[in-house]
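So you can see what is in the structure, the chains are spelled out below.
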Amino acid sequence: EIQPLVWPATYDDLAWIHVGDDLAFDVGGSAACGAKTVLVELPRSVGQTAPFRFDLSVQQPAWSTTSRKELEARIAMNDKARPKVNAEINTMERLPIAINEILRGDA
């Protein structure tokens, strides 16, 4: 039988690490709940659009329905979340390295 974990007594040696590509929601949201964070910023060459969707200096994707007001609000949310990034990677091969850095306290 699996015994449920009871917070905080049995959680002291565990870590919650959230991995995502959205500064405002993945990083900002999970950090607000106590998680450590890894921001994934894959290069545009592999089809990643997240870092470019919230930039007023580039044309938004044709499929985007984001208004300018909403875009400006998301940029502000991204700016607020940026300091909460514990590690940043640009390839998934780097994920184990980033997790180890967080667990060792190096990130």
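Residues numbered from 1 in each chain as written. Predicted model: local features only at pLDDT ≥ 70, side-chain atom pairs only at ≥ 80, totals over all residues. Heavy atoms only, no water.

**Things to note about helix α1 (residues 23-32)**
Here α1 has its buried residues at L23, A24, D26, V27, G28 and S30. Those residues of α1 that are buried lie in contact with β1 (17-20), β2 (36-40) and α2 (68-81). Measuring from the side-chain oxygen of the N-cap residue of α1 to the backbone nitrogen of A24 gives 3.1 Å; that N-cap residue is D22. The first or second residue beyond α1 is G34, which carries a positive phi of 100°. (Buried < 20%, exposed > 50% of the residue type's maximum accessible area, 1.4 Å probe, protein only. Helix = DSSP H or I, 4+ residues; strand = E, 2+ residues; numbered from the N terminus. Contact = heavy atoms within 4.5 Å. Polar contact = N/O pair within 3.5 Å; in protein donor to acceptor, adjacent residues only side chain to side chain.)

**Thoughts on the nonpolar core**
In terms of nonpolar packing, the biggest core is built from 7 residues, these being V38, V40, A87, I89, L95, A98 and I102. Elements with a minimum of two residues in this core: β2, β3 (87-89) and α3 (95-104). If you tally residues by element for this core, the top one is α3, at 3 residues. Discounting chain neighbours no more than four positions away, the residues touching V38 are I17, H18, V19, G20, A87, I89, L95, A98 and I102. If you look at the next biggest cluster of nonpolar residues, it comprises 5 residues, including L23, V27, A81 and V85. (Core = buried A, V, L, I, M, F, W, Y, C linked by side-chain atoms within 4.5 Å.)

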